[in-house]
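# Summary of the model geometry
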Amino acid sequence: QVQLVESGGGLVQAGGSLRLSCAASGSIFRGDTMAWYRQAPGKQRDLVARIESGGVTSYADSVKGRFTISRDNAKNTVYLQMNSLKPEDTAVYYCAARRLGPNIYASWGQGTQVTVSS
């Protein structure tokens, strides 16, 4: 059973930056796709960024050019660097591991709150 623990969330002013971390324990393999999702109040959970085993990345259009996903396989950790934050980025951010299908992952973290003030 894989456990994911997110950290790095908080309150930041618009235009600021945060870096989220997701530490995985258990049987995470280098071949696993990892991702960050977010869910704002009253909205569905949406994909923010995904990184495949070979390092190929993909992003939601709303964060392209501002967010960067990366991974450190030696540390079993995935990161989300968020720059030029906007109030509309406010959400709970979730880490996900081992993609099984579209928006289907074997493991999810508990989430970390990101609040961007205007």
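The structure displayed is predicted, hence computed values, not measured ones.

### A short note on the nonpolar core
When a protein is soluble and globular, its nonpolar side chains tend to lie buried together. Residues Trp36, Leu80, Met82 and Tyr93 are the most contacted members of the largest nonpolar core, which totals 26 residues. The set of elements that each furnish at least two residues to this core consists of β3 (18–25), β4 (34–39), β5 (46–51), β7 (67–72), β8 (77–82), β9 (91–101) and β11 (112–117). Sequence-distant contacts of methionine 82, that is, excluding residues within four places in its chain, are made with Gly16, Ser17, Leu18, Leu20, Arg66, Phe67, Tyr93 and Val114.

### As for the environment of proline 87
By the secondary structure assignment, proline 87 is in the loop between β8 and β9. A relative accessible area of 35% means that proline 87 is categorised as partly exposed. Measuring from C-alpha to C-alpha, the distance between proline 87 and valine 114 comes to 9.7 Å, with 27 residues separating the pair along the chain. Among residues more than four places away in sequence, those in contact with proline 87 are Ala14, Val116 and Ser118.

### Let's talk about the side chain of serine 21
On the secondary structure map, serine 21 appears in strand β3. Residue classification places serine 21 among the buried residues on the basis of a relative accessible area of 16%.

### Side note on the pattern of salt bridges
For the structure on display, the rule yields four salt bridges. In this structure, aspartate 32 engages arginine 98 in a salt bridge whose closest nitrogen and oxygen atoms are separated by 3.1 Å. Taken together, the positions of aspartate 32 in the loop between β3 and β4 and arginine 98 in strand β9 put the pair 66 residues apart, joining distant regions of the chain. Among the ionic pairs, aspartate 89 bridges to arginine 38, the shortest N-O distance being 2.9 Å. Here the residue aspartate 89 occupies a position in the loop between β8 and β9, and arginine 38 occupies one in strand β4, the gap between them amounting to 51 residues. In terms of burial, aspartate 89 and arginine 38 fall into one category: buried. One network of salt bridges, in which partners are shared, links Arg38, Arg66 and Asp89.

### Focus on the environment of lysine 86
If you trace the backbone, lysine 86 turns up in the loop between β8 and β9. C-alpha separation for the pair lysine 86 and glutamine 13, spaced 73 residues apart in sequence, amounts to 8.1 Å. Setting aside chain neighbours within four positions, we find lysine 86 in contact with Arg66 and Val116.

### Concerning the side chain of arginine 50
Inspection of the secondary structure puts arginine 50 in strand β5. Here arginine 50 sits buried without a salt bridge, and the closest side chain of opposite charge, glutamate 52, lies 4.3 Å off (N-O distance). Among residues more than four places away in sequence, those in contact with arginine 50 are Thr33, Met34, Ala35, Val56, Thr57, Ser58, Ile69, Arg99 and Tyr105.

### Things to note about the pairing of β4
Taking burial as the measure, the six residues of β4 include five buried ones, the bulk of the element. The pairing of β4 with β5 spans five bridges and is classified as antiparallel. Its bridge partner being in β5, methionine 34 is matched across the sheet by isoleucine 51. Hairpin connection of β4 to β5: six residues between the antiparallel strands, including glycine 42 at a positive phi of 75 degrees. Inspection of the sheet shows β4 paired to β9 by six bridges, in the antiparallel sense. The residue bridging arginine 38 from the neighbouring strand is tyrosine 93, located in β9.

The rules we used
- Residues numbered from 1 in each chain as written.
- Predicted model: local features only at pLDDT ≥ 70, side-chain atom pairs only at ≥ 80, totals over all residues.
- Heavy atoms only, no water.
- Core = buried A, V, L, I, M, F, W, Y, C linked by side-chain atoms within 4.5 Å.
- Buried < 20%, exposed > 50% of the residue type's maximum accessible area, 1.4 Å probe, protein only.
- Helix = DSSP H or I, 4+ residues; strand = E, 2+ residues; numbered from the N terminus.
- Contact = heavy atoms within 4.5 Å.
- Salt bridge = Lys/Arg side-chain N within 4 Å of Asp/Glu carboxyl O.
- Lys, Arg positive; Asp, Glu negative; His and termini not counted.
- Pairing = 2+ DSSP bridges.

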